[in-house]
6 protein chains.
Amino acid sequence: MHDRSGAALDSRAQQDLALDPFRIAGEPYYRPVAHEVALFEAAHRSRMPVMLKGPTGCGKTRFVEHMAWKLGRPLITVSCHEDMTASDLVGRYLLDAVGTVWHDGPLTLAVRSGAICYLDEIVEARQDTTVVIHSLTDDRRILPLEKKNEVLKAHPDFHLVISYNPGYQSVLKDLKESTKQRFGAIAFSYPVAAIEAEIVAAEARVDRRTAATLVNIGARSRNLKGHGLEEGASTRMLINAGLLVGNGIALAEACDVALVLPITDDPDIRDALRAAIAACV
Amino acid sequence: MHDRSGAALDSRAQQDLALDPFRIAGEPYYRPVAHEVALFEAAHRSRMPVMLKGPTGCGKTRFVEHMAWKLGRPLITVSCHEDMTASDLVGRYLLDAVGTVWHDGPLTLAVRSGAICYLDEIVEARQDTTVVIHSLTDDRRILPLEKKNEVLKAHPDFHLVISYNPGYQSVLKDLKESTKQRFGAIAFSYPVAAIEAEIVAAEARVDRRTAATLVNIGARSRNLKGHGLEEGASTRMLINAGLLVGNGIALAEACDVALVLPITDDPDIRDALRAAIAACV
Amino acid sequence: MHDRSGAALDSRAQQDLALDPFRIAGEPYYRPVAHEVALFEAAHRSRMPVMLKGPTGCGKTRFVEHMAWKLGRPLITVSCHEDMTASDLVGRYLLDAVGTVWHDGPLTLAVRSGAICYLDEIVEARQDTTVVIHSLTDDRRILPLEKKNEVLKAHPDFHLVISYNPGYQSVLKDLKESTKQRFGAIAFSYPVAAIEAEIVAAEARVDRRTAATLVNIGARSRNLKGHGLEEGASTRMLINAGLLVGNGIALAEACDVALVLPITDDPDIRDALRAAIAACV
Amino acid sequence: MHDRSGAALDSRAQQDLALDPFRIAGEPYYRPVAHEVALFEAAHRSRMPVMLKGPTGCGKTRFVEHMAWKLGRPLITVSCHEDMTASDLVGRYLLDAVGTVWHDGPLTLAVRSGAICYLDEIVEARQDTTVVIHSLTDDRRILPLEKKNEVLKAHPDFHLVISYNPGYQSVLKDLKESTKQRFGAIAFSYPVAAIEAEIVAAEARVDRRTAATLVNIGARSRNLKGHGLEEGASTRMLINAGLLVGNGIALAEACDVALVLPITDDPDIRDALRAAIAACV
Amino acid sequence: MHDRSGAALDSRAQQDLALDPFRIAGEPYYRPVAHEVALFEAAHRSRMPVMLKGPTGCGKTRFVEHMAWKLGRPLITVSCHEDMTASDLVGRYLLDAVGTVWHDGPLTLAVRSGAICYLDEIVEARQDTTVVIHSLTDDRRILPLEKKNEVLKAHPDFHLVISYNPGYQSVLKDLKESTKQRFGAIAFSYPVAAIEAEIVAAEARVDRRTAATLVNIGARSRNLKGHGLEEGASTRMLINAGLLVGNGIALAEACDVALVLPITDDPDIRDALRAAIAACV
Amino acid sequence: MHDRSGAALDSRAQQDLALDPFRIAGEPYYRPVAHEVALFEAAHRSRMPVMLKGPTGCGKTRFVEHMAWKLGRPLITVSCHEDMTASDLVGRYLLDAVGTVWHDGPLTLAVRSGAICYLDEIVEARQDTTVVIHSLTDDRRILPLEKKNEVLKAHPDFHLVISYNPGYQSVLKDLKESTKQRFGAIAFSYPVAAIEAEIVAAEARVDRRTAATLVNIGARSRNLKGHGLEEGASTRMLINAGLLVGNGIALAEACDVALVLPITDDPDIRDALRAAIAACV
């Protein structure tokens, strides 16, 4: 449609070089839970922007690393935060020995060179950063570099992925409707017990029985969600407990360090969690 | 009236070159719904500033691309956001090897060279950006570049277009009366079912029956607007579902990914939407 | 009183050159309504600062352009906004090849060279900008350029004019008493029907009957002010409707585009306005 | 006490040169009202910091200009505002051809060279600017230039004067107790009728009868203070009305422009003021 | 997993040099209270991020210094505060004689060279700083230097430690759940009396009887916590009192200076504390 | 403990030179009131950080100048304010002819060279400035210069002193508990009548009877504290009144200028104060 070919100035060789730090060398461990791999592949074929939804520590980041490896694409990950501006994503002029020189931001690099760009917890960023992706998420697939009066047409392989934790949003801080509806969404949650135990055993390098005990403890802590706990123990925390056990700490104390103390300072909740742990050991 | 000819310094050739990235090469697909094409052409003849009003994803951006192509004018699009300042539109001094050099912003480029300038969702921008367009939207048609003590008289072909989504405005964030009344307004909404099916079939490359099913689902979701949904499924989302179907995903799951999960986290609303989808498949 | 002659460094020739872009070449169309021309001329003779008060779109900007042309003085107009700082008015140091160089802002240029300086909607600006004009609006007529440790004595022809829309002010955003009382004020409102029709016919180049119909519609819309409308249709909007009629759009649809859609999204108010239009056509 | 002599680097000749723009060439017209001249002279002999208190437009600025002329001292006036920082007063590093070079701010210039420094409406400034004057207003009489690691001992002739309008202060914006108590205060108010008429006649160059009429109108407007008017007409506004009369405007219309329209938009108050004017003419 | 070796550019020798200022030369005095040393060592073996929780002045900082010495690792400590940005941690471009040059921040230095990085009171920092550590606290162990388009893989010896005072958190200022659950936590509180007396005697170089008296006073002040005192006297304050006694101040006056006056201005609480002191002396 | 010797790069001679402007040449007049001299000397011997508490104008600044003179140490005073950042205290990079060069801030200069650093009204500063002093106020006695990746070990003579006015603190603006407990505190208040008269006579150079009258007036004004006055007349204000008397102003008018007008605009409080003055004269 549009004949906007500023990207053509970079030779293919240069682009490949720039993306080298972002290639995933070995297969990241990922245990599929449902249809997420097939859905991602279908979306990727149309380059339809993808939103990964789900609670913290359930494997969204690992999943996108796995898919990047599987599809053989470089992956540029950006952890968003409330002080991040559009310039942090798109790029800016920096002062050089010969004057100001333009430096591509991570989004521009991905758009120009054809990487998967993963904006982690995009809702944390300021609204100007979300507006910046609008023209990349409809059929235009362009990124206006307004400070350069350049219109960058996306590389055919560019694919945009964002993550979004539904538990975090408030009235003040949510994606705009006009942003949300530009994405296909894939939902994530904690895996069922058998799969979670398989993951904990693999990642913490503990035996299956210890892993099963930890998963059992995790399930009980998740029942406390909404009863004094904002969130239960994630798979990540169960792995942390397993690692401490592997380093010689008793299981109850390992759970105290990895599951109880980090997430609550309320003595009653601590007692409830410790009782749940004691019942499982 | 005013004899302000700073623009004359740029030769016609240079201007044409600068606008090259902003020319629309092929005809963008656009299916007219009412008198919008005639109204835009009438306003364009008087260079009367135009405000496109309507919900997200109903085709305002596509319409302005279509009109730019039809009128043979370059189109400079700016996605506005709350951190955008007047300097982002007008331009600024940058440090070069020989000192500070002025760089036109996208609005100034359009004013100087005679493009259509489309300020998307201008109400998101800070008020200084809306004040900047005042002298361009009355009979003066000038843009004061205050930092340069220059007064730029608009190119005869310059035309200003803005978009405005009535559903978004709040008391805190709205255009000032003195801004609104400088524009002629054209209203947009979702097309009637037959036209929308035609659009979905064309864009997602699915058969007319699938497209009709999706449009039927879309209509049902729009009935939920105000009953737990901020907005129903837009035409854009129906196209996304169609694209997933074309990539081998079953229609119900495609709708889940494209229509349900992105716009709501409420289990009851999700159930209602899924029931509506099941009833149509 | 004060012998402060930094301005003497600029020769008269240089000053005249700098003001060239600000001279009004042809007579701007202006139809006087009351004594405003005589009052402005009297204030101008004493260089008494003038405040133009009145609603948006009633001709304040056109009036000051007319007076500048009539008095043969260059006119430097600044549209004020809430992000405008004193430096935007007064000037700043910019980095050049040989270090930092001072650049006069538009107010300083007017003070130094003897132009009329028109600060449009000054109440929108931050308070530091209003304080800056204090020493220019009493008998000192000086502008301290604090960053240069220079005290600039105003050129004898310098005259300050501001505009002020009484409908906009709130407790949080109003001129300070110590600012207001430095100005003589001239009040503006919409002209009586016969004069307004004359203006609409002249500016939109439509026949007197169409102009009279539009003025009649305008009057009815102004009756809705306070009953759901923040402001009625201004003279400017009637001219816009006239221009669309001149480009072949039917009068009712032209009024819809120019008078109804831009100023309200409330279906009831829209119906009321459309009924008023239908009654006049 | 302290032997801090950084100021000695500037020769006396250089200092005198720097102060030239700040010398008052001719005697500014000032009509004493009470003991204010004697009190200022006594405070000046001890270099005791002085605070001028009183409503806007009653002559505080003229008084300090008069005293500077009478005492033969240069006067550096700074109009404070809420965006003014300590650096605006003290100075800053600017980038030059050979790197960053220190530029004294107006306060530092006065401290170093021995001028009267008049901080007009200091309460408008941010608190860092008021803290900056603390070490200048006790027996230390030093100004630490923290960015230079220099401690500047005040020139023996340096004298600090501030103005303060009691009607403006709020809980949020007031001088700190620890600042107030460093000053001797002199109170100002509008002069009695005979003296005010003398001033109006002198400044507006009108006859004594017109001046007396204007002063009579001013007195009536001041009775409306607190009954819908924030402040009555100041001496300055009476002079403005007189100037318009001198330029051929009828007295009632001159009062409307100079006294009524600038200070109120309330139709009832306008009527009350106009009735008071009509009664006096 | 990822082959990201930008760090390899720095030779081992250069890294060791850069860390020299951060090595702990002698053994810092630390008296263990529970299992904290074993827990820290277990976490360190897996490089599991550690959160030290506990009230102010109970020895968290001393503990991490002790562990760094014990493990023979350099320690880079950053005191977080609310104006600290991600750039303060990660690094920034600075202007050099030959243009902009990248300077590593303290976190990047630790990641690149393999130090323990201790972020003291991280909850005080802005959220962008906490997001920055996310990719360092899961199995990726990478630090994206977005402004350089570089992905820094952590040195195998890099270990992240943070402190967290549960008494300080409010709804507005707390770590996000997704941050907390990335850490194993070790809890600290004031030591039991015998151990605390041992510490006071060792650090203030006073006899055991004086130390015991001070610890007794400390215990009584802690009983006032929540009854007018925000916190009781910390071990640190008892040591301060001991030091004053060692310099010849009477014990009651030393306690007044070190324990009473710094923490309360309420006359009743002061009396209560002084009574408690008098009872112990 | 730590072997961090970056400070060793500055030779002793250079350090002494840098501190020259901060040496107190002659003995500042100070009249001791209680044990404050002995307490300060004891704290100084252990380099225990000292907090001077007390109302404005009671002599805290004079006391620290006196002690610096008595102990023969240079004194670096910083008046804190709410716009002061950590960089203002610690230092920053400035652009020089050869690129950016580090400039020590006043705190760093004191730490490096061994001066007493007096942070006046530290609670006014932003929290980042108070966090900066934490590592200087425990046994580490280090100042991390994070922007330089340098850890500066304090000179053995470095001593930190802060002032704190209990009357000023609010919930929003107070020192954190973890800051307060790092200091020994010395309390100040207005001296008893005989001593205060001695001070007024010495500083204002008036006879003992006038001084006694002024002290009597001061005592009466302090009784009005809390009954309409935020604070009574400080010793400083009594001295100001004395100075005016010495310059020929009558005692009642001198008190009006120095004691009444600066601290209140309430007519009733003014009358009460004037009655108290009349009763004493």
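Since the structure is predicted, the reported quantities are computational estimates derived from the model, not experimental observations.

Conventions and cut-offs
- Residues numbered from 1 in each chain as written.
- Chains lettered and ligands numbered in written order.
- Predicted model: local features only at pLDDT ≥ 70, side-chain atom pairs only at ≥ 80, totals over all residues.
- Heavy atoms only, no water.
- Helix = DSSP H or I, 4+ residues; strand = E, 2+ residues; numbered from the N terminus.
- Expected span 1.5 Å × (residues − 1).
- Buried < 20%, exposed > 50% of the residue type's maximum accessible area, 1.4 Å probe, protein only.
- Contact = heavy atoms within 4.5 Å.
- Polar contact = N/O pair within 3.5 Å; in protein donor to acceptor, adjacent residues only side chain to side chain.
- Domains from an automatic or database assignment.
- Buried area = accessible area lost by both parts, 1.4 Å probe.
- Salt bridge = Lys/Arg side-chain N within 4 Å of Asp/Glu carboxyl O.
- Nonpolar A, V, L, I, M, F, W, Y, C, P; charged D, E, K, R; others polar.
- UniProt positions renumbered as here; feature names shortened; annotations may be inferred.
- Phe/Tyr/Trp six-rings, centres within 6.5 Å; stacked < 30°, edge-to-face > 60°.
- Arc of directions from axis to C-beta.
- Pairing = 2+ DSSP bridges.
- Axes fitted to C-alpha atoms, helices over the stretch in contact; angles between N-to-C directions.
- Least-squares fit on C-alpha atoms with pLDDT ≥ 70 in both.

Looking at helix α9 (residues 208-223) of chain A
Note that an α-helix has 3.6 residues per turn; residues three or four places apart therefore point the same way. Residues and elements named next belong to chain A. In this model, α9 (16 residues) spans 23 Å end to end at C-alpha, consistent with the 22 Å of a helix rising 1.5 Å per residue. Turning to α9, its buried residues number three or more, namely Thr-210, Ala-211, Thr-213, Leu-214, Val-215, Ile-217, Gly-218, Ser-221 and Arg-222. Considering only its buried residues, α9 is in contact with α8 (193-204), α10 (235-246), α11 (251-260) and α12 (267-280). Residue Asp-207 occupies the N-cap position of α9, its side-chain oxygen lying 3.1 Å from the main-chain nitrogen of Arg-209.

Some points on the domain arrangement of chain A
Residues and elements named next belong to chain A. If you check the domain split of chain A, you get domain 1 (9-187) and domain 2 (193-280). Centre-to-centre, using C-alpha coordinates, domain 1 lies 33 Å away from domain 2. The interface of domain 1 with domain 2 comprises 9 residues on the first partner and 9 residues on the second. Taken together, both faces of the contact between domain 1 and domain 2 bury some 770 Å²; the carbon and sulfur share is 48%. Ranking the residues of domain 1 by area buried against domain 2 places Tyr-29, Arg-31 and Gly-57 at the top, with a combined share of 64%. Where Glu-198 meets Arg-31, a salt bridge forms, and the shortest distance between an N and an O atom there is 2.8 Å. Where domain 1 packs against domain 2, one counts 2 residue pairs in polar contact (both at pLDDT 80 or more). A class-by-class count of the residues in the side of domain 1 that touches domain 2 yields 4 nonpolar, 3 polar and 2 charged.

Remarks on the UniProt feature "domain: CbbQ/NirQ/NorQ C-terminal" (unreviewed entry) in chain A
With numbering aligned to this structure, UniProt lists the feature "domain: CbbQ/NirQ/NorQ C-terminal" (unreviewed entry) at residues 196-279 of chain A. Each end of residues 196-279 of chain A is marked by a C-alpha atom, and these two atoms are 20 Å apart; helix forms 71% of the span and strand 0%.

Examining the packing of aromatic side chains
The tally for this structure, following the rule as stated, stands at 19 aromatic pairs over all chains. Here the aromatic rings of Tyr-93 of chain A and Trp-102 of chain A are separated by 5.2 Å at their centres, their planes lie at 75°, and the arrangement is edge-to-face. When its relative accessible area of 15% is taken as the criterion, Trp-102 of chain A is described as buried. For the ring pair Phe-40 of chain F and Phe-63 of chain F, a centre distance of 5.6 Å and an interplane angle of 90° mean the geometry is edge-to-face.

Some remarks on helix α12 (residues 267-280) of chain B
Here α12 of chain B spans 20 Å end to end across 14 residues, near enough to the 20 Å set by a 1.5 Å rise per residue. Taken as a whole, α12 of chain B has its buried residues at Ile-269, Arg-270, Leu-273, Ala-276, Ile-277 and Cys-280 of chain B. Along α12 of chain B, the residues classed as buried sweep out an arc of 125° about the axis, all on the same side. Exposed positions of α12 of chain B whose direction lies more than 90 degrees from the buried face are Pro-267, Asp-268, Ala-278 and Ala-279 of chain B. The elements touched by buried residues of α12 of chain B are β1 (50-53) of chain A together with α9 (208-223) and α11 (251-260) of chain B. The opening residue of α12 of chain B, the one whose side-chain oxygen lies 2.8 Å from the backbone nitrogen of Asp-268 of chain B, is Asp-266 of chain B.

As for the sheet that holds strand β8 (residues 159-164) of chain F
Where strands meet in a sheet, backbone hydrogen bonds hold them as pairs that are either parallel or antiparallel. All names here are of chain F. As summarised here, the arrangement of the 5 strands in space is β2-β5-β8-β1-β9, forming an open sheet in which the pairing is parallel. Every other strand in the sheet has two partners, leaving β2 (75-79) and β9 (184-187) as the edge strands with one partner each. Across the sheet, the mean angle from the axis of one strand to that of its neighbour is 20°, orientation sign disregarded. Alignment of strand β5 (residues 116-120) against β8, held across 4 bridges, turns out to be parallel. In the strand pairing of β8, Leu-119 is matched with Ile-162. Running at roughly 140° to β8, helix α2 (residues 36-45) makes contact with β1 (50-53), β5, β8 and β9 of the sheet.

Here's the deal with the interface of chain A and chain E
The partner chain E presents 42 residues to the 51 residues of chain A that form the contact. Both sides together, the interface formed by chain A and chain E hides about 4,200 Å², and carbon and sulfur atoms give 52% of it. Our enumeration of links across chain A and chain E arrives at 2 salt bridges. The partner of Asp-265 of chain A in a salt bridge is Lys-53 of chain E, with the nearest N and O atoms 2.6 Å apart. Inspection of the chain A/chain E interface yields 10 residue pairs in polar contact (both at pLDDT 80 or more). When residues of the side of chain A that touches chain E are traced back to their parent elements, those giving at least two are α3 (60-71), β2 (75-79), β3 (91-96), α5 (106-113), α10 and α11 of chain A. The element best represented in the side of chain A that touches chain E is α10 of chain A, accounting for 5 residues. Residue classes in the side of chain A that touches chain E are distributed as 23 nonpolar, 12 polar and 16 charged.

Thoughts on the environment of Ala-18 of chain E
All names here are of chain E. Residue position: Ala-18 is located in helix α1 (residues 12-19). Residue Ala-18 is classed as partly exposed on the basis of its relative accessible area, which comes to 32%. As a C-alpha pair, Ala-18 and Ala-110 span 92 residues in sequence and 9.8 Å in three-dimensional space.

Looking at the relation of the copies chain A and chain E
Note on the chain copies: they are related by a rotation about an axis and a translation along it. For the match of chain A to chain E, the screw axis carries a shift of 0.1 Å, the RMSD comes to 0.1 Å, and the turn is 60°. Viewed as a symmetry operation, the transformation between the two copies matches a six-fold axis. Little of the interface of chain A is mirrored in chain E: 2% of its interface residues are interface residues there too.

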